[in-house]
Amino acid sequence: MDIAWLAPVLPAAAFFFNVLIARQLGRFKHGVAAAAAIGSIVGAFAVFLVVFLDAQAHLGGPAHAGGIKLAAPSLQEEAELPRRLLFDHIPWFSVGRWDFYTTLSVDWVSIMMLGVVGFLASLIQIYSIGYMRGDNRFWWFFTVMSLFCAAMLGLVLAYDFLLMYMCWELVGLCSFLLIGFWYQERDNAEAAKKAFITTRLGDVGFFIGLAILFLQTNTFRMDEIFEAIDAGRIDPTLVTVAGILVFMGAIGKSGQFPLHVWLPDAMAGPTPVSALVHSATMVAAGVYLIGRAYPLFVASPVTMAVIATIGTITAIFAATIALTQRDIKKVLAYSTVSQLGYMVMALGLGAYTAGLFHLFTHAFFKALLFLGAGSVIHSMEPVLHGTGKSPNDVFWMGGLRRRMPITFLTFVVGSLSLAGIFPLSGFWSKDEILVGALDAGAWVPFAVGLVTAFLTAFYMFRAIYLAFFGAERWRLAVAGSGPVTVAHAAGGGVIALEGPDRDTTARHGAATATVDTQDVPAHLEAGDHGGQGADHHAAPHESPWVMTVPLLIISVPAAIAGWLNIPGVFTAFGDAIYYGEVHHEGLNLAVAAAGLLAGVLGIAVATIMYWKPLLSPVAVGASFPRLYRLLYNKYYFDEMYQWVIDHVVLGISGLAAVFDRKVINEGVVDRPAMLTSRLGYWLRFLQTGRTYNYAFAFVVGILVAGVVLAGFRPDFLQASLW
Amino acid sequence: MVPLEHILVFSAIMFAIGAYGVMARRNAVLVFMAVELMLNAVAINLVAFAARVDPQRFSGLVFTIFVITVAAAELGLGLAIVLRVYRMRTSVNVDEIDALRW
Amino acid sequence: MELGAVAFYAVAGASLVAALGVVITRHVVYSALLLILSLSLTGLVYLLLLADFLALVQILIYGGTVSVLLLFALMLTRPEDGAVLNHRGWPLAAVGALLLLGALLFGVLTTDWTGATPGPAAPPSRVSVEELGEALYSTWAVPFEVASLVLLVALLGALQIARSTDAPAGGRGEGADR
């Protein structure tokens, strides 16, 4: 247990090593930096293992016989074990009369997160060796990754809000650096900026909330703050306000409505970054914060209601957007937003275990999906290079399942899990949330949860069918055949627009937008034998083992992580991580069936639309043109924010600029400067250059001083000088 | 025995005369003479305090020695500067030496 | 009135008259000679204040060295006869000096000196040159050394400044040196 602090310290050390030493090593720096980063994060994972095994004996935890434990204390002993071990009074810094100490907590929640972060970050970094190969800032990628992991691990262990806030901001900073990793392209830099500023909006709330709590309790320690809340030493209204403000931090970090806009744009970063950001680190921080500061939120029903409402809105809202996205990473991004909404909703409804359990399972399968998507993009990139087509666009993929079988398989596993198909992990955590919603008597969130489950299954399998099945549409792009830009294969029939995308239809007309797929082989032939565009002829192929092996490894927990909490069978997770009393949802067969049905239905609809052309997506899209466009444009949220920025923010800025120019520049800066210069011009004539004048002034000065010292002091001098 | 005040009055008058000389004289050498008078007034003060206030310890006397030393050094340097100025401008009238002005 | 007091007033008065002469005479050489007189008379005042050594130093340095220096300076700068020695604004200077004198006298006369003087219990005693020398070389050794350094620097500085402008630092300009 005592070595838990090493988990964040190891990657931090790797960061400093890389920054200070590795970068000096010339061409070796890439290898050295990657080795240090991966070594340190694997070390952190090893720390987790040690802590985890040790914790069996030292923490009150899994109380049931099914618990995974090696050194099992008896039930009697276990009841007396503490919920958490605190590492207290670690001196940190002093400001004025305040001495700040920091506190680390080792409990099942933090251990769980240590494991998730350590495991996923290790694999993702190994995967990055393949993905980032050849990048000329390879070493910097691993350096920032190390800092990222260190910050997240520190955040996980922190048990005082100050340390947590520091790590929180460090996580934000690192995600900024990583999202903008390829900042040479303006869009990426903009995305990084957007992520940073948007999350900052939430962080301001978080910060104010912390300030309120600190002013009320004079401490940042969580246990003391929660105690003060329990004891009613803080005004309940303030608790509500502080709770909502702190939750604002989680809204920003976890991409909840209405601050979700940065998350999809964060796809601008390298895909391993997306995988990490979307599974174990950045966005998990928000949900983790809610779990960590749960007593603060539970203390106020209003706060809980706000949390549940935001979560519910986010879940369905993001899922609907994901239905129409073309960029495979954007689909996954909105899926993440939606799933995070799920977790937040569960936590808001009091289903503590369910919310954190979903965070746990989701981390695995979402990381798997992102790495899978990365693998696809990695192989599409050289194929589409030079065609001006985005390698992320599922409309330009197709038929990849034969080309990259491992990626395909693992991607399907992740998707099935995300869709909540029995017996994969998503099923169990989603079921738990639904049962929790039902228990809370919250029918709307329950219904939303079911609909979201349906939508989730649909958009995931839409992506799978588009990317891995059907015709190999990337050949069209390579062969440069025709102006088909928004086309995709529906079954083997025609390439058609999915929805009423006005831009494309307007530009190319219906005729050109419909191309017979019979053409494809012809183009292919022409391409193969005609030798045109020789650069583009590489076909997508399976990624190197350094990428596929992590995929395979992650697919295991992605599939079975849910088995850690099977109601009535094996409930280690729920026994360890709970709030208040251990609370086991019984296996509600009706709910489970409903959830499963929603998932299967989603897959079925996707199948008949995108695989067997029983229902044309074109027709569906065309029947709801407005809705389609609304979803495709993400409810115009970016446009709304842009409007606000253009009209409100820039308007205020304009006023401020005028104020600055007129009042500050001219009134406060230029005017006194002019005055001084004018005064100096006249005063300089006092400098006669004649010593006897100076001597006379000297004597007069002495006289005045003497008079004053002799006691003759006018009133105004008395006030100011004596 | 002469009271302390009388000696101080003597020194004060000497100082005022010196100050007048510094302000009124044109010739730099004469200005230096007036400065010597002022320094001398200060020295008188020190000696008076040494003799009247603290006869047993003679810090005042030692200090006077230093004042005289510094005065000598100052005079030597000052007159060197005067000579230099004279060589450059063929005049040592302080109202004609006014290069350091606006 | 005892003899010492009479002597003091006489000598001090004479010294002041000489000092006044220094600043108002129209002849530069008189001015210098009167300065020597005034400073030497001040030396006598020191003697009356039982500071023998200082009296000696005063007469030696001012009467001997300084006067020679000043006369040399006057000689080298050759002020023409009948040149106007005062500024036009000299009455203003006089007023300033008088005001300064008033302020000084005000300070001297309004201050209560009784606490500062030891009174008849500790009669003024003659300070022997041996004692002063001992103190100068023990208690005041460091300032003494510093003073010697100051003199050295002043000497070198005066040399450098007074050298001929025409001669470069190496001193090759023969004939340019006066």
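For the structure itself, consult the block above.
Let me sum up the structure you'll find in this document.

Examining the overall build of chain B
So, step 1. A tally of helices and strands in chain B yields three helices and zero strands.
So, step 2. Put simply, chain B runs from its N terminus to its C terminus through helices and strands in the order α-α-α.
So, step 3. Looking at chain B as a whole, 65% of its 102 residues qualify as buried.
So, step 4. The long-range fraction of contacts in chain B, counting pairs at least 24 apart against all pairs at least 6 apart in sequence, stands at 60%.

As for the interface of chain B and chain A
So, step 1. On the side of chain A, twelve residues touch chain B, which itself brings nine residues to the contact.
So, step 2. At the boundary of chain B and chain A, one finds zero salt bridges.
So, step 3. At the boundary of chain B with chain A, the tally comes to zero residue pairs in polar contact (both at pLDDT 80 or more).
So, step 4. A breakdown of the residues in the side of chain B that touches chain A according to their chemical character gives six nonpolar, no polar and three charged.

Some points on helix α3 (residues 52-77) of chain C
All names here are of chain C.
So, step 1. Taking 1.5 Å as the rise per residue, α3 with 26 residues should run 38 Å; its terminal C-alpha atoms sit 36 Å apart, in good agreement.
So, step 2. Its maximal kink placed at Val66, α3 deviates by approximately 30°.
So, step 3. Where α3 is concerned, the buried positions are Leu54, Ala55, Val57, Gln58, Tyr62, Val66, Ser67, Leu70, Ala73, Leu74 and Thr77.
So, step 4. Of the residues trailing α3, Arg78 is marked for its positive phi of about 45°.

Examining the environment of Thr219(A)
Residue and element names in this part refer to chain A.
So, step 1. Here Thr219 is to be found in the loop between α7 (186-217) and α8 (222-230).
So, step 2. Relative accessible area serves as the criterion here: at 10%, Thr219 is assigned to the buried category.
So, step 3. Taking the C-alpha atoms as reference points, Thr219 and Phe161, 58 residues apart in sequence, are found 8.9 Å from one another.
So, step 4. In this structure, Thr219 is in contact with Leu213, Phe214, Glu224 and Ile225, ignoring residues within four places of it in sequence.
So, step 5. Side-chain polar atoms of Thr219 contact the backbone nitrogen of Arg221, separated by 3.0 Å.

Description of the pattern of salt bridges
Residue and element names in this part refer to chain A.
So, step 1. Tallied over the full model, the rule gives eleven salt bridges over all chains.
So, step 2. One salt bridge in this structure joins Arg292 and Asp107, with 2.9 Å as the shortest N-O distance. In this pair, Arg292 sits in helix α12 (residues 282-292) while Asp107 sits in strand β2 (residues 98-107), placing the two residues 185 residues apart along the sequence. Of the two residues examined, Arg292 and Asp107, each falls in the buried class.
So, step 3. Note that Asp223 is salt-bridged to Arg221, the shortest N-O span being 2.6 Å.
So, step 4. Exposure remark for Arg221: the relative accessible area of 14% places this residue in the buried category.

Topic: the interface of chain B and chain C
So, step 1. At the interface, 66 residues of chain B touch 83 residues of chain C.
So, step 2. For the pair chain B and chain C, the two sides together bury roughly 6,700 Å², of which 78% comes from carbon and sulfur.
So, step 3. Taken together, chain B and chain C are joined by zero salt bridges.
So, step 4. Summed over the shared surface of chain B and chain C, the result is 17 residue pairs in polar contact (both at pLDDT 80 or more).
So, step 5. Looking at the side of chain B that touches chain C, the elements with two or more residues in it are α1 (4-24), α2 (28-52) and α3 (59-89) of chain B.
So, step 6. Among the elements that make up the side of chain B that touches chain C, the one with the highest residue count is α3(B) (21 residues).
So, step 7. Residues of the side of chain B that touches chain C, tallied by class, amount to 49 nonpolar, nine polar and eight charged.

The rules behind these values
Residues numbered from 1 in each chain as written. Chains lettered and ligands numbered in written order. Predicted model: local features only at pLDDT ≥ 70, side-chain atom pairs only at ≥ 80, totals over all residues. Heavy atoms only, no water. Helix = DSSP H or I, 4+ residues; strand = E, 2+ residues; numbered from the N terminus. Buried < 20%, exposed > 50% of the residue type's maximum accessible area, 1.4 Å probe, protein only. Contact = heavy atoms within 4.5 Å. Salt bridge = Lys/Arg side-chain N within 4 Å of Asp/Glu carboxyl O. Polar contact = N/O pair within 3.5 Å; in protein donor to acceptor, adjacent residues only side chain to side chain. Nonpolar A, V, L, I, M, F, W, Y, C, P; charged D, E, K, R; others polar. Expected span 1.5 Å × (residues − 1). Bend = angle between axes of the 7 residues up to and from the residue. Buried area = accessible area lost by both parts, 1.4 Å probe.

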